[in-house]
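These are the residues of each chain, in order.
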Amino acid sequence: MPSPDISAPFRLSRRGSTRATAYGFANKSVRVGDTTHAVWLDGVSSVMAASFDHRAGAWSSPVYVDDGRDNHTCPTLTAAPDGRLRLAYGPRSCPDPFSNEPMNAWAMGKFRMLQSAAPGDSSKWGRLSHVGYAATYGCLVTDHLGRDHIVYNGGNAPPSVRYERRRPDDAWDRDVRLSYDDVGHNYTHTGAHLAARRDGVMACAFHYFSSPRDSSLGVCALKSEDGGETWTAMDGSPVRLPLEFTPACAVPSAGACPYLGTLATDARGRFLAVTHDMGDPYGGCLFSVYERGGWRTTRLDPFLPAGMRVQSASATADTAGRVLVIVECADAKLRSVAERWCHPANRVWLLVSSDEGRTFSNAVRVSEGDPGVADWLPTISHTGPNHDLRSPLVMWTRGVSGTGRNCIDPERTEVWAAWV
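Fair warning: this is a prediction, and the values are worked out from it, not measured in the lab.

Caption draft 1: Examining the overall build of the chain more closely. Across its full length, the chain carries one helix and 29 strands. Across the 420 residues of the chain, 61% fall into the buried class. Long-range pairs, those at least 24 residues apart, make up 56% of the contacts in the chain between residues at least 6 apart in sequence. If you sum the accessible surface of the chain, you get close to 15,800 Å²; carbon and sulfur atoms cover 51% of it.

What follows is the structure, encoded as structure tokens:
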């Protein structure tokens with residue numbers, strides 16, 4: 001398989017947040033016509049936007065959009081059918097009756113939603129809506145009818161995957177708890193990812209990590225064929241919501257702590273998933289395609305550089321029919337998540353498949369890196385009903401994890417990107 005064509009890396013910001021391009025379930029770039037728009041966080045929580053004119057071959061100056069709460073402000077970008085951009089961002093909090101913090105919108109855990117003033121223009125934004133309760137880690141999708149769909153980690157304890165839908169008249173008319181992990185008042189992490197096809201069919205996938213278990217039960221996926229009204233197993237069979245981990249709904253994964261890396265769609269309308277193991281020993285990284293009532297799976301580890309393992313993964317399918325998987329690779333000798341987290345040797349790599357995910361090219365390094373500084377938190381342009389995938393953009397953060405308290409870090413990072 002020929003090596004993929006990757007542009008030289010370029011820098012978008014010198015003032016990045018310590019989570020500038022986090023997290024993979026939140027889309028950071030959309031192409032509308034001949035312009036690609038990108039969003040990221042400058043430190044600590046400033047949402048920034050910039051646009052690239054493919055005809056002129058030039059980036060606009062970055063535009064400050066708004067401030068969120070902390071380095072988990074995590075902007076998630078999508079496009080409406082008319083080409084206007086939509087953006088959700090902001091919370092990282094749960095209502096706490098013993099807190100001295102005023103109970104404002106951030107404290108109540110609501111995402112702010114904005115819309116660009118004009119189609120294909122990231123320079124001016126206006127208020128659109130707000131949504132969520134005790135919410136964080138949002139993934140926003142706009143369907144072919146202009147309805148917004150968001151999944152996030154939140155709600156009453158224990159936090160779970162919540163799905164909400166917004167009609168074009170600004171009415172939020174669906175609020176569904178999709179998952180449940182019976183761990184009481186403890187931390188949960190779901191990594192929920194929503195993907196939509198052009199015909200309105202959607203799928204949502206998520207993992208079941210919690211403390212004090214400190215592991216994940218696995219990854220599950222649900223499907224909606226009626227725009228979020230009802231949810232079933234991927235094969236259409238009924239399920240009981242909120243869904244506890246159920247093998248019949250499981251996405252293929254390996255290892256003691258499986259995480260969801262990506263959920264996407266391809267040109268044929270099939271759902272694609274990447275899972276990877278955050279535990280030690282290492283179980284592996286798997287790419288799967290849902291077809292003919294089941295998951296077809298390829299193990300990605302044989303295509304990685306020798307002695308490396310996946311720390312995070314993000315995938316998409318471009319208009320050329322290729323499957324593109326971006327991975328943050330860490331030294332396999334590092335024995336714990338804490339050691340691998342923002343390790344100075346971490347780099348961003350790309351795997352490409354031209355045969356619908358059956359085989360992949362050997363990984364090609366995307367980030368050149370600076371000695372002693374991590375290239376991490378990579379993401380790639382998501383698929384979507386109104387997204388143009390002619391030129392996916394890879395983005396990542398170069399810098400340190402941060403030393404501040406409450407996710408408010410004094411350090412600054414750099415935001416880098418490359419075209420595939």
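Having put the structure on the table, let's press on.
Caption draft 2: View of empty space enclosed by the protein. Considering all chains together, one arrives at three cavities of 30 Å³ or more under this definition. The calculated volume of the largest cavity comes to roughly 100 Å³. What lines the largest cavity is a set of 16 residues, and nearest its centre among them are Val141, His193, Leu194, His382 and Thr383. Of all the secondary structure elements, the ones that give two or more residues to the lining of the largest cavity are β11 (136-142), β16 (193-196) and β19 (258-265). Sort the elements by how many residues they give to the lining of the largest cavity and β16 lands first, with four residues.

Caption draft 3: Region of interest: the packing of aromatic side chains. Throughout the structure, instances matching the rule amount to 18 aromatic pairs. A ring pair is formed by Phe10 and Trp419, whose centres lie 6.2 Å apart and whose planes are at 35 degrees; its orientation type is tilted. Here Phe10 is found in strand β1 (residues 10-16), whereas its partner Trp419 is found in strand β29 (residues 413-419), with 409 residues between them in sequence. Residues Phe10 and Trp419 agree in their burial class; the two are buried. Centre to centre, the rings of Phe111 and Tyr152 are 5.5 Å apart; their planes meet at 70 degrees, and the pair counts as edge-to-face. In this pair, Phe111 is assigned in strand β9 (residues 111-116) and Tyr152 in strand β12 (residues 148-154), connecting sequence segments 41 residues apart. When sorted by exposure, Phe111 lands in the same class as Tyr152, which is buried.

Caption draft 4: Layout of the nonpolar core. Counting residues in each nonpolar core, the largest one holds 21 residues, and the members touching the most others are Phe287, Val325, Val327, Leu351 and Phe360. Elements represented by at least two residues in this core include exactly β20 (271-277), β21 (285-291), β23 (308-317), β24 (323-331) and β25 (347-353). When neighbours within four sequence positions are excluded, Val325 is seen to be in contact with Leu300, Ser314, Ala315, Trp349, Leu350, Leu351 and Phe360. Grouped together as the second largest cluster of nonpolar side chains are 20 residues, Val161, Ala192, Leu222 and Trp231 included.

Caption draft 5: Broad picture of the pattern of salt bridges. With the rule as written, the count across this model stands at 32 salt bridges. Between Arg299 and Asp301 there is a salt bridge, and its shortest N-O distance comes to 3.4 Å. Classification of Arg299 by relative accessible area gives partly exposed; the value is 38%. Look at Asp301 and you get buried, because its relative accessible area is 16%.

Caption draft 6: Representation of the sheet that holds β12 within the structure. In space, the four strands of this open sheet follow the order β11-β12-β13-β14, with antiparallel pairing throughout. The sheet is open, and its two borders are formed by β11 and β14 (172-177), each paired with just one other strand. Pairwise comparison of adjacent strand axes, ignoring direction, gives a mean angle of 15 degrees for this sheet.

Caption draft 7: Focus on the environment of Leu272. Its location among the elements puts Leu272 in strand β20. Here Leu272 falls in the buried class, since its relative accessible area comes to 4%. Counting along the chain gives 23 residues from Leu272 to Trp295, while the straight-line C-alpha distance between them is 9.0 Å. The contact partners of Leu272, leaving out residues within four places of it in the chain, are Thr262, Leu263, Ala264, Thr265, Asp266, Phe287, Ser288, Val289, Ala317 and Val323.

Caption draft 8: The pairing of strand β2 (residues 29-32), seen in detail. Pairing of β2 with strand β3 (residues 35-42), which is carried by four bridges, proceeds in the antiparallel orientation. From the neighbouring strand, Ser29 faces β3, where its bridge partner is Ala38. Hairpin geometry of β2 and β3 is characterised by an intervening segment of two residues between the two adjacent antiparallel strands and by a positive phi of about 65 degrees at Gly33.

Caption draft 9: Looking closely at the state of the cysteines. By the definition in use, this model includes zero disulfides. Cys342 takes part in no disulfide bond, and the closest cysteine sulfur, belonging to Cys407, lies 14 Å away. Under the relative-accessibility criterion, Cys342 is labelled buried at 12%. Free cysteine Cys407: the closest other cysteine sulfur is in Cys74, separated by 12 Å.

Here is what the cut-offs are and how they apply
Residues numbered from 1 in each chain as written. Predicted model: local features only at pLDDT ≥ 70, side-chain atom pairs only at ≥ 80, totals over all residues. Heavy atoms only, no water. Helix = DSSP H or I, 4+ residues; strand = E, 2+ residues; numbered from the N terminus. Buried < 20%, exposed > 50% of the residue type's maximum accessible area, 1.4 Å probe, protein only. Contact = heavy atoms within 4.5 Å. Areas by Shrake-Rupley, 256 points an atom, 1.4 Å probe, with all protein chains shown as cover. 1 Å grid on protein atoms, 1.4 Å probe; cavity = no way out; pocket = protein on both sides within 12 Å on 5 of 7 lines; lining within 4 Å. Points joined across faces, edges and corners; volume = space filled by probe spheres on them. Phe/Tyr/Trp six-rings, centres within 6.5 Å; stacked < 30°, edge-to-face > 60°. Core = buried A, V, L, I, M, F, W, Y, C linked by side-chain atoms within 4.5 Å. Salt bridge = Lys/Arg side-chain N within 4 Å of Asp/Glu carboxyl O. Pairing = 2+ DSSP bridges. Axes fitted to C-alpha atoms, helices over the stretch in contact; angles between N-to-C directions. Disulfide = S-S within 2.5 Å.

Honestly, it's all geometry; don't read function into it.
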